[in-house]
Amino acid sequence: MAESRRQRLARWIKHRAEEPQRNMALFTSGCLILMGGLFVIIMAELLLEPSLTQEIAAGSGVLLAAGGGIRALYGYLSIGLFKLLKYFLSDS
């Protein structure tokens, strides 16, 4: 018989919670990507004249920062919240 969504989600959360090195790597790399995106935004503001090129550079920095922020948030949640959910979802 097929697993329910709740059982699949519980199994996935347990699997994610058991990989602390991978979760920390996700968090760290996400923070670095976020900082890189912020650096691109600041450098576009300081070094480029107001033009379409500046806007494109700043926009790419925003996309980079957003992707890094999402990755860091996912890693952060995997470090702490998934361990708590694993505890509450355990059968015993």
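Everything below is about the structure shown above.
Just so you know, these numbers come straight off a predicted model, no measurement behind them. (Residues numbered from 1 in each chain as written. Predicted model: local features only at pLDDT ≥ 70, side-chain atom pairs only at ≥ 80, totals over all residues. Heavy atoms only, no water.)

(A) Highlighting the side chain of Q54. Looking at the element boundaries, Q54 is found in helix α3 (residues 52–79). With a relative accessible area of 8%, Q54 lands in the buried category. Those residues in contact with Q54 that sit more than four places away from it in its chain are A44, E45, L48 and E49. (Helix = DSSP H or I, 4+ residues; strand = E, 2+ residues; numbered from the N terminus. Buried < 20%, exposed > 50% of the residue type's maximum accessible area, 1.4 Å probe, protein only. Contact = heavy atoms within 4.5 Å.)

(B) Expanded view of a nonpolar patch on the surface. Together, L73, Y76, L77, L81, L84, Y87 and F88 line one region of the surface with nonpolar side chains, adding up to about 790 Å² of accessible area. Breaking the nonpolar patch down by element, the ones donating at least two residues are α3 and α4 (81–89). The element that contributes the greatest number of residues to the nonpolar patch is α4, accounting for 4 residues. Within the secondary structure layout, L77 lies in helix α3. (Patch = residues over 30% accessible without salt bridge, like charges linked within 9 Å, V, L, I, M, F, W, Y side chains within 5 Å. Areas by Shrake-Rupley, 256 points an atom, 1.4 Å probe, with all protein chains shown as cover. Salt bridge = Lys/Arg side-chain N within 4 Å of Asp/Glu carboxyl O.)

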